[in-house]
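# Topology and contacts: notes
One-letter residues, chain by chain:
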Amino acid sequence: MTTSLSYYEQVGGAPAVRTVVDGFYVRVLDDADLRPYFAGVDMPRLKRHMVVLLCSVLGGPEPYEGRDLAEAHRGMGITAEHYAKVGEHLLSVLREAGVGDEILQHVVLTLNKVESSIVAEPAETAD
Ligand code: HEM
């Protein structure tokens, strides 16, 4: 009999997600374009919320208790370019942690879905 593991289980559960999120914010804060957004932010709290959010995106059991993403990022003036950079940092860290393509694709789709809640000036779309 085969049992299918959730993405959350495949990556190694909450401990693995915590490691990814730590590495993610190291990269983000190391990026001169992104660092200013985080001045004065309670990073331990932000990390906790990001860990739980990423766990739930991967199918984990933890309920996300942070603010709604649109509310949390309102008024920051986040550009589409900076959003893309943050997404790249997250994907790089996941890749370095050995996360497979199927899960990476799922994260990319999720990032695309939430972009309009976070970005203040959405990129021009040719439709
Ligand atoms: C890529 C997708 C993103 C996700 C999934 C995400 C997720 C989150 C989460 C879960 C929180 C915590 C909300 C809370 O504490 O209630 C947060 C806060 C924050 N995010 Fe993001 N974020 C993203 C993109 C960005 C980008 C692109 C920037 C800036 C370039 C950014 C800057 C911030 C800052 C500064 C806070 C702290 C707000 C505060 O505590 O006042 N985020 N984000």
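We now turn to the structure provided with this report. Here the structure is a predicted model, which means the values were calculated and not measured.

This paragraph deals with the site of the ligand. Looking at the ligand, there are 21 residues lining it, with Tyr 37, Leu 46, His 49, Arg 67 and His 73 nearest. One of the backbone N or O atoms of Arg 67 is found 2.7 Å from an oxygen atom in the ligand. Contributions of two or more residues to the shell around the ligand are made by helix 3 (43-57), helix 4 (69-73), helix 5 (80-96) and helix 6 (101-118). A breakdown of the residues in the shell around the ligand according to their chemical character gives 16 nonpolar, 3 polar and 2 charged.

The protein gives the iron atom of the ligand a lone donor atom, His 73 (NE2), placed 2.0 Å from the metal. Position of His 73 relative to the elements: it lies in helix 4.

It is worth spelling out the environment of His 82 at this point. You can see His 82 is positioned in helix 5. Along the sequence, His 82 and Leu 58 sit 24 residues apart, while their C-alpha atoms lie 24 Å from each other. Setting aside chain neighbours within four positions, we find His 82 in contact with Asp 33, Leu 34 and Tyr 37.

It is worth spelling out the packing of aromatic side chains at this point. All told, the structure shown has 2 aromatic pairs when counted by the stated rule. Through a chain of ring-to-ring contacts, three or more aromatic side chains come together here, namely Phe 24, Tyr 25 and Phe 38.

Summed over the entire model, instances satisfying the criterion amount to 4 salt bridges. For the salt bridge of Asp 33 with Lys 85, the shortest nitrogen-to-oxygen distance reads 2.8 Å. Residue Asp 33 is found in the loop between helix 2 (13-30) and helix 3, and its partner Lys 85 is found in helix 5; the two are separated by 52 residues along the sequence. Taking the relative accessible area as the measure of exposure, Lys 85 reaches 28% and is therefore partly exposed. Three or more residues are tied together by salt bridges with common partners; here these are Asp 31, Asp 33 and Lys 85.

Another aspect to go through is the packing of helix 2 against helix 5. One way to put it is that helix 2 packs onto helix 5 with a least axis distance of 9 Å and a crossing angle of 135 degrees. Comparing the axis directions of helix 2 and helix 5 gives the class oblique. Every pair of crossing elements has a handedness; the one defined by helix 2 and helix 5 is right-handed. Taken together, the residues of helix 5 that come into contact with helix 2 (itself represented by Val 20, Gly 23, Phe 24, Arg 27 and Val 28) are Val 86, His 89, Leu 90, Ser 92, Val 93, Leu 94 and Glu 96.

Glancing now at the packing of helix 2 against helix 3. Relative orientation of the contacting elements helix 2 and helix 3 amounts to 130 degrees, with a least axis distance of 9 Å. Here helix 2 lies oblique to helix 3, going by the angle between them. Seen from above, helix 2 lies across helix 3 with right-handed handedness. When helix 2 is examined against helix 3, the residues Ala 14, Val 17, Arg 18, Val 20, Val 21, Asp 22, Phe 24, Tyr 25 and Leu 29 are found in contact with a partner set consisting of Met 43, Leu 46, Lys 47, Met 50, Val 51, Leu 54 and Cys 55. A per-class count over the contact of helix 2 with helix 3 returns 13 nonpolar, no polar and 3 charged.

Definitions and limits used
- Residues numbered from 1 in each chain as written.
- Predicted model: local features only at pLDDT ≥ 70, side-chain atom pairs only at ≥ 80, totals over all residues.
- Heavy atoms only, no water.
- Near = heavy atom within 4 Å.
- Polar contact = N/O pair within 3.5 Å; in protein donor to acceptor, adjacent residues only side chain to side chain.
- Helix = DSSP H or I, 4+ residues; strand = E, 2+ residues; numbered from the N terminus.
- Nonpolar A, V, L, I, M, F, W, Y, C, P; charged D, E, K, R; others polar.
- Donors = N, O, S within 2.8 Å, 3.2 Å for Na, K, Ca; no water.
- Contact = heavy atoms within 4.5 Å.
- Phe/Tyr/Trp six-rings, centres within 6.5 Å; stacked < 30°, edge-to-face > 60°.
- Salt bridge = Lys/Arg side-chain N within 4 Å of Asp/Glu carboxyl O.
- Buried < 20%, exposed > 50% of the residue type's maximum accessible area, 1.4 Å probe, protein only.
- Axes fitted to C-alpha atoms, helices over the stretch in contact; angles between N-to-C directions.
- Parallel < 35°, antiparallel > 145°, perpendicular 65-115°, else oblique.
- Left-handed = near helix turned anticlockwise from the far one by under 90°.

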